[in-house]
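Examining the three-dimensional arrangement
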Amino acid sequence: MLQLLSDLLRWLTSPAQWQGPGGIGVRLLEHLEYSLLATLAGAVLALPVGLLIGHTRRFAFLAINLAGFGRALPTVGLVTLVFLAGGLSMWPVYVALVALAVPVIVTNTYAGMTAVDPDVTDAARGVGMTGGQVLFRIELPLALPLVMTGLRLAMIQVVSTATIAAYVSFGGLGRYIFDGLAQRDLVQVLGGALLVALLAVLLDLAMAGLQRSLFRNRPADAR
């Protein structure tokens, strides 16, 4: 075990491992690009749906079913299916990652909207606010903490799953895992897995810091 840890540390700190097109720095940027683009695309698709369902209180079954769909989604199978339909490109990976992000964001956005006190929205309508004003001035600001939590959870899942880019011969940190498995190189597999975990933790900490800064001046009962 000590020898394995020593080899892993040597692999991570070797200057040669950080150089060239297959170096850790390049693979890290590739993985980050896949993850951020997929999470952003998922947010663009999911936020309007979650806000609409939460605001109208209609189609709640969609949010509930999406949560189950997200847990049961066979990501590798989806990548393979899109790959067979669309050919060799990054599209299968992005489709799978976006499909993974959408349910989490929809369900958390819906939960945040439904957690808003109905008396508050009724009072807003009572003073003449339109539906759109109630949504963007009252409901969304109050629901934002849970919405941010959904984005954080989606980001972590996407970062962890973006290793599948290597499954269809593209880059990212998953390259070390798949190449290490093919070469029976346990150190490379562990190194790739550790880098993915560290990236997920760092991004989560960054988003948690952003969330705290956004809500620093809010009353505790409004968070």
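Here the structure is a predicted model, which means the values were calculated and not measured.

**Some remarks on the confidence of the model for the chain**
In low-pLDDT regions, the fine details of the predicted coordinates are not to be read closely. Chain-level pLDDT for the chain is 85 on average; 87% of the residues reach the 70-or-more range. Helix H3 (residues 60-72) is the least confidently modelled element of the chain, averaging 67 in pLDDT, while helix H2 (residues 24-56) averages 93, the highest of any element.

**Things to note about the nonpolar core**
Core analysis: the biggest nonpolar cluster contains 39 residues, and Trp11, Val93, Leu97, Ile105 and Leu195 have the highest contact counts within it. Elements supplying a minimum of two residues to this core: helix H1 (2-13), H2, helix H5 (91-114), helix H7 (131-161) and helix H9 (186-214). With 10 residues, H5 is the largest single contributor of residues to this core. In contact with Ile105, other than residues within four places in its own chain, are Thr39, Gly42, Ala43, Ala46, Leu47, Gly150, Leu151 and Ala154. Of all hydrophobic cores here, the second largest spans five residues; its members include Leu51, Leu135, Ala143 and Val147.

**Considering the side chain of Ser35**
Along the chain, Ser35 turns up in helix H2. Taking relative accessible area as the criterion, Ser35 reaches 0% and is therefore assigned buried. A polar side-chain atom of Ser35 sits 2.8 Å from the main-chain carbonyl oxygen of His31. Contact partners of Ser35, with chain neighbours within four places excluded, come to Val158, Val159 and Ala162.

**Some points on the side chain of Gln188**
As for its position among the elements, Gln188 is in helix H9. Gln188 has contacts with Trp11, Tyr176, Asp179, Gly180 and Gln183, leaving out every residue within four places of it along the chain.

About the thresholds
- Residues numbered from 1 in each chain as written.
- Predicted model: local features only at pLDDT ≥ 70, side-chain atom pairs only at ≥ 80, totals over all residues.
- Heavy atoms only, no water.
- pLDDT = per-residue confidence, 0-100.
- Helix = DSSP H or I, 4+ residues; strand = E, 2+ residues; numbered from the N terminus.
- Core = buried A, V, L, I, M, F, W, Y, C linked by side-chain atoms within 4.5 Å.
- Buried < 20%, exposed > 50% of the residue type's maximum accessible area, 1.4 Å probe, protein only.
- Contact = heavy atoms within 4.5 Å.
- Polar contact = N/O pair within 3.5 Å; in protein donor to acceptor, adjacent residues only side chain to side chain.

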